[in-house]
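# Coordinates in review
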Amino acid sequence: ITAVGSMTSGIAFGDSTADDDWLGLGASAGRIEFDDQTIDEINFLSARVGIGDATPDDLLDVEDANLGYNFLFGSNGITFSTSGTSGINVDTFGQLSLTTNQGAANALELVSTAGGIDISTGSGTGDIDILGGDAVNIKGVLGAISLSSGSPTLESGLTLATDGQVGIADSS
């Protein structure tokens, strides 16, 4: 062999002289580059990387057809999906979406093992809509449930206490 990638003479990728040299399809095509740094790097450049996928859909595509999962990282953000369109997606603007198509009674759950779960618009404006095809159930297992509008200092809304009492408050 007279040449391997960008190395045309001497030992091919055998010592530190291989710094910034590459192995692959060409200087600007799919290639693997070796970079001698304090913590060395192996870079995949001008290519999509598929692990378990011969035709990757994005920059990094990890797939296991037998287990039914797919992980994509690239131009549209990050997506993890299982069995079709179910999944978690964080787009390039940081928007998070959780979707499911499983049809189970508890098809989507948000679970916290320590503390609570806050659902917020992140600003003083905007609505949070909870929509259900049949019913929307809100349960407080160990505490009261409060539904209110306005700021925390303007007590207006509905409170369901753990003893079954219902409180209705109006800030006016």
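Each remark here, short or long, concerns the structure printed above.
A few points on the structure. (Residues numbered from 1 in each chain as written. Predicted model: local features only at pLDDT ≥ 70, side-chain atom pairs only at ≥ 80, totals over all residues. Heavy atoms only, no water.)

Moving on, we come to the environment of Trp22. Mapped onto the secondary structure, Trp22 falls in strand S1 (residues 21–24). Along the backbone, Trp22 and Ile42 are 20 residues apart, and their C-alpha atoms lie at a distance of 9.6 Å. Not counting residues within four places of it along the chain, the set of residues in contact with Trp22 comprises Val4, Gly5, Ser6, Phe13, Ala27, Arg31, Ile32 and Glu33. (Helix = DSSP H or I, 4+ residues; strand = E, 2+ residues; numbered from the N terminus. Contact = heavy atoms within 4.5 Å.)

To continue, consider the sheet that holds S1. The strand order across the open sheet formed by three strands is S1-S2-S3, and the pairing between neighbours is antiparallel. One side of each edge strand has no neighbouring strand; the edge strands of this open sheet are S1 and strand S3 (41–45). Along the sheet, successive strands turn relative to each other by an average axial angle of 25°, direction set aside. With five bridges joining them, strand S2 (residues 31–35) and S3 adopt antiparallel strand pairing. Across the sheet, the residue bridging to Glu33 is Asn43, located in S3. (Pairing = 2+ DSSP bridges. Axes fitted to C-alpha atoms, helices over the stretch in contact; angles between N-to-C directions.)

Under the defined criterion, the tally for this structure stands at one aromatic pair. Judged by centre distance (6.3 Å) and plane angle (25°), the ring pair of Tyr69 and Phe80 falls under stacked. Of this pair, Tyr69 sits in strand S6 (residues 69–74) while Phe80 sits in strand S7 (residues 77–82), and the two are 11 residues apart along the sequence. By relative accessible area, Tyr69 is classed as partly exposed at 28%. You can call Phe80 partly exposed: its relative accessible area is 36%. (Phe/Tyr/Trp six-rings, centres within 6.5 Å; stacked < 30°, edge-to-face > 60°. Buried < 20%, exposed > 50% of the residue type's maximum accessible area, 1.4 Å probe, protein only.)

Taken together, the side chains of Leu59, Phe73, Ile78, Phe80, Ile88, Val90, Leu96 and Leu98 define a hydrophobic patch exposed on the protein surface, amounting to about 660 Å² of accessible area. Only S7, strand S8 (86–90) and strand S9 (96–99) provide two or more residues apiece to the nonpolar patch. Counting through the fold element by element, Phe73 comes out in strand S6. Residue Phe73 is classed as partly exposed on the basis of its relative accessible area of 41%. (Patch = residues over 30% accessible without salt bridge, like charges linked within 9 Å, V, L, I, M, F, W, Y side chains within 5 Å. Areas by Shrake-Rupley, 256 points an atom, 1.4 Å probe, with all protein chains shown as cover. Salt bridge = Lys/Arg side-chain N within 4 Å of Asp/Glu carboxyl O.)

The next subject is the side chain of Glu33. Examined against the element boundaries, Glu33 turns out to sit in strand S2. Here Glu33 occupies a buried position and makes no salt bridge, while the nearest side chain of opposite charge, Arg31, is found at 5.9 Å. (Lys, Arg positive; Asp, Glu negative; His and termini not counted.)

A surface patch of like charges, here negative, comprises Asp19, Asp20, Asp36, Asp40 and Glu41. Residue class for Glu41 comes out partly exposed when judged on its relative accessible area of 34%. (Charge placed at Lys NZ, Arg CZ, Asp CG, Glu CD.)

Moving on, we get to unusual backbone geometry. One non-glycine residue with positive phi stands out, namely Asp20, at about 65°. Within the element layout of this structure, Asp20 appears in the segment before S1. Since its relative accessible area comes to 39%, Asp20 is described here as partly exposed. Of note in the backbone geometry, Ser46 takes a positive phi value of approximately 55° without being a glycine. Along the polypeptide, Ser46 turns up in the loop between S3 and strand S4 (49–51). When its relative accessible area of 52% is taken as the criterion, Ser46 is described as exposed.

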